[in-house]
Amino acid sequence: MRRKQALRRTKDGTQPAAVHYEAFGRVMAALATEADFIEACRDLTWWRGAGPSWHVEWRDGPFAAEAAALLADRMPGLVTPGESGDSCAVLDVMGVRFELRAIDPMGRVRVRARPDFWRLAEALDTTRPTNTRHPWEELLGG
């Protein structure tokens, strides 16, 4: 019942501001579940656009089309994909427009192949023997 009320339009035909923030929260939660995306991006920023829209921008990392496909995969039924390319993608999430912009993107394939790239999965790997303490041991004081 609560969800139907949140998606209702106001008397002037616009969506309430709560829907804009709910859509933004869902997008950021979906991106956060993908460790490769978050680890590969530098300078991940976002801001509210004119009208019911959000802009999300990052340096390096995946192409904008890859990020749009990731969001469509993580939120089926809530995302309506629009035009997308390597550096820009537009999509609609719950009636809110999102403009994704990748600056100097490398693509997910190149990010994964980069040998010098620090990866959270490797840092937390307890099966890999090292002659120094693991980063998670430092964090947890073990």
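The model shown is predicted, which means the values in this text are computed figures rather than measured ones.

Participant: Give me the overall build of the protein chain: which residues, what numbers.
Facilitator: Scanning the protein chain for helices and strands turns up seven helices and five strands. Along the protein chain, from the amino end to the carboxyl end, the secondary structure elements read α-α-α-β-β-α-β-β-β-α-α-α. The buried share of the protein chain, taken over its 142 residues, is 37%. The long-range fraction of contacts in the protein chain, counting pairs at least 24 apart against all pairs at least 6 apart in sequence, stands at 48%. Per element, the accessible surface of the protein chain, about 8,900 Å² overall, is 55% carbon and sulfur.

Participant: Go over the sheet that holds strand β2 (residues 53–60), please, and point to the residues and values.
Facilitator: Taken in spatial order, the five strands of this open sheet run β1-β2-β5-β4-β3, and their pairing is mixed. The sheet is open, and its two borders are formed by β1 (41–48) and β3 (79–84), each paired with just one other strand. The average angle at which neighbouring strand axes cross in this sheet is 20 degrees, direction not considered. Note: strand β4 (residues 88–93) against strand β5 (residues 96–103), six bridges, orientation antiparallel. Across the sheet, valine 93 pairs through a bridge with valine 96, a residue of β5.

Participant: Give a description of the packing of aromatic side chains that names residues and reports values.
Facilitator: By the definition in use, this model includes three aromatic pairs. Measuring from ring centre to ring centre gives 5.5 Å for tyrosine 21 and tryptophan 54, while their planes differ by 75 degrees; the resulting arrangement is edge-to-face. Of this pair, tyrosine 21 sits in helix α2 (residues 17–32) while tryptophan 54 sits in strand β2, and the two are 33 residues apart along the sequence. Consider the rings of phenylalanine 24 and tryptophan 54, whose centres lie 4.3 Å apart with planes at 20 degrees: the pair is stacked. With a gap of 30 residues between them, phenylalanine 24 in helix α2 and tryptophan 54 in strand β2 connect regions that are remote in the sequence. Across this residue pair, the class does not change: phenylalanine 24 and tryptophan 54 are buried. Three or more aromatic residues joined by ring pairs form one cluster here, namely Tyr21, Phe24, Trp46 and Trp54.

Participant: Give me the pairing of β3: which residues, what numbers.
Facilitator: Where β3 meets β4, four bridges bridge the pair, whose relative direction is antiparallel. Across the sheet, residue valine 79 finds its bridge partner in β4, namely valine 93. Turn length for the β3-β4 hairpin, with the two strands adjacent in sequence and antiparallel, is three residues.

Participant: Lay out the pattern of salt bridges in plain terms, naming residues and giving numbers.
Facilitator: Counted under the stated rule, the structure contains six salt bridges. Note that arginine 26 and glutamate 22 form a salt bridge whose closest N and O atoms lie 2.9 Å from each other. Pair noted here: arginine 26 and glutamate 22 are both in helix α2, with a separation of four residues, about one helical turn. Assessed through its relative accessible area of 26%, glutamate 22 is described here as partly exposed. For arginine 59, the salt bridge is made with aspartate 43, and the minimal N-O distance between the two is 3.5 Å. With arginine 59 in strand β2 and aspartate 43 in strand β1, this residue pair connects regions lying 16 residues apart in the sequence. The class for arginine 59 is partly exposed, based on a relative accessible area of 31%. The exposure class assigned to aspartate 43 is partly exposed, which follows from its relative accessible area of 48%.

Participant: For the confidence of the model for the protein chain, give the residues involved together with the corresponding values.
Facilitator: On average, residues of the protein chain score 77 in pLDDT, and 65% of them reach the 70 mark or higher. Across the protein chain, element-level confidence peaks in β4 with a mean pLDDT of 93 and bottoms out in helix α1 (residues 2–6) with 45. Below pLDDT 50 for its whole length, residues 1–6 participates in seven contacts with residues either more than four positions away or in separate chains.

About the thresholds
- Residues numbered from 1 in each chain as written.
- Predicted model: local features only at pLDDT ≥ 70, side-chain atom pairs only at ≥ 80, totals over all residues.
- Heavy atoms only, no water.
- Helix = DSSP H or I, 4+ residues; strand = E, 2+ residues; numbered from the N terminus.
- Buried < 20%, exposed > 50% of the residue type's maximum accessible area, 1.4 Å probe, protein only.
- Contact = heavy atoms within 4.5 Å.
- Areas by Shrake-Rupley, 256 points an atom, 1.4 Å probe, with all protein chains shown as cover.
- Pairing = 2+ DSSP bridges.
- Axes fitted to C-alpha atoms, helices over the stretch in contact; angles between N-to-C directions.
- Phe/Tyr/Trp six-rings, centres within 6.5 Å; stacked < 30°, edge-to-face > 60°.
- Salt bridge = Lys/Arg side-chain N within 4 Å of Asp/Glu carboxyl O.
- pLDDT = per-residue confidence, 0-100.

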